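Single-letter residue listing:
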Amino acid sequence: MEKDCLFCKIANKEIPTDFLYEDDMLVVFRDINPQSPVHLLIVPKKHIRSINDLTEEDKIIVGEMAMLGKEMAKREGIDQSGYKLLFNVENGGGQMIFHLHQHLVGGWEGDAKW
Ligand code: 5GP
Ligand code: ZN
């Protein structure tokens, strides 16, 4: 838990947020400013700043994030139409919240719009 980290506060339920999924390692909730018809955030409970900060012991977390991305796409009904799983990394990569998260985006009519 990192002081003043928004996603730590969400993951620790200090800021009430509807979770679509929760286990010991990960939570999933809808992006507050969706960029696509389906836009979820898959977030580890552990505070990790970005992909740049992953260590060997975090391999399992990233593996679980990808697996859960696949599962949530299915639950949202976009697995067959298709989707993107994205990490923004640091300012130049468009990261604004410096607590690791994976975007699940999709649900467009036809081809991807983003
Ligand atoms: P980044 O640009 O860091 O990869 O993405 C951060 C994402 O978090 C953005 O898409 C933004 O809309 C979302 N976000 C920021 N604050 C909140 C919040 O308080 N609640 C939720 N659900 N999403 C947020
Ligand atoms: Zn954090």
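In case you missed it, the structure is sitting above this.
Please read these numbers as outputs of a predicted model, since none were measured by experiment. (Residues numbered from 1 in each chain as written. Chains lettered and ligands numbered in written order. Predicted model: local features only at pLDDT ≥ 70, side-chain atom pairs only at ≥ 80, totals over all residues. Heavy atoms only, no water.)

Novice: Can you walk me through the coordination of the zinc ion (ligand 2) in this structure?
Specialist: Metal coordination angles have textbook ideals: 109.5 degrees for a tetrahedral set of four donors and 90 or 180 degrees for an octahedral set of six. Here the zinc ion (ligand 2) is held by Cys5 (SG), Cys8 (SG), His47 (ND1) and His99 (ND1), and the distances to it run 2.0 to 2.3 Å. Bound by four donor atoms, the zinc ion (ligand 2) shows angles of 105 to 115° at the metal and therefore tetrahedral coordination geometry. (Donors = N, O, S within 2.8 Å, 3.2 Å for Na, K, Ca; no water. Tetrahedral: all angles 85-135°; square planar, octahedral: opposite > 155°, others 65-115°.)

Novice: Explain the nonpolar core to me, please; I cannot follow it from the model alone.
Specialist: One recurring pattern in soluble globular proteins is that nonpolar side chains are buried together. Among the nonpolar cores identified, the biggest contains 14 residues, and Val28, Leu40, Ile42, Met65, Leu68, Met72 and Leu104 are the most heavily contacted of them. Elements supplying a minimum of two residues to this core: β2 (26–30), β3 (38–44) and α2 (59–75). Ranked by residue count, the leading element in this core is α2, at five residues. Leu104 has contacts with Val38, His39, Leu40, Ile42, Gly69, Met72, Ala73, Ile78, Tyr83, Lys84 and Leu85, leaving out every residue within four places of it along the chain. With nine residues, the next largest nonpolar core counts Cys5, Ile10, Phe29 and Val43 among its residues. (Core = buried A, V, L, I, M, F, W, Y, C linked by side-chain atoms within 4.5 Å. Buried < 20%, exposed > 50% of the residue type's maximum accessible area, 1.4 Å probe, protein only. Helix = DSSP H or I, 4+ residues; strand = E, 2+ residues; numbered from the N terminus. Contact = heavy atoms within 4.5 Å.)

Novice: Would you mind going over the environment of Asn52 with me for this structure?
Specialist: The topology assignment puts Asn52 in the loop between β3 and α2. For the pair formed by Asn52 and Phe87, sequence separation is 35 residues and the distance between their alpha carbons is 11 Å. The contact partners of Asn52, leaving out residues within four places of it in the chain, are Val89 and Glu90.

Novice: Teacher, can you tell me more about the sheet that holds strand β1 (residues 21–22) here?
Specialist: The pairing of strands in a sheet happens through backbone hydrogen bonds and is either parallel or antiparallel. With antiparallel pairing, five strands are arranged side by side in an open sheet as β1-β2-β3-β5-β4. Strands at the two margins of the open sheet, each flanked by one partner only, are β1 and β4 (83–86). Bridge analysis of β4 against strand β5 (residues 102–106) gives four bridges, and the strand direction is antiparallel. Residue pairing for β5: Lys84 is matched across the bridge by Val105. (Pairing = 2+ DSSP bridges.)

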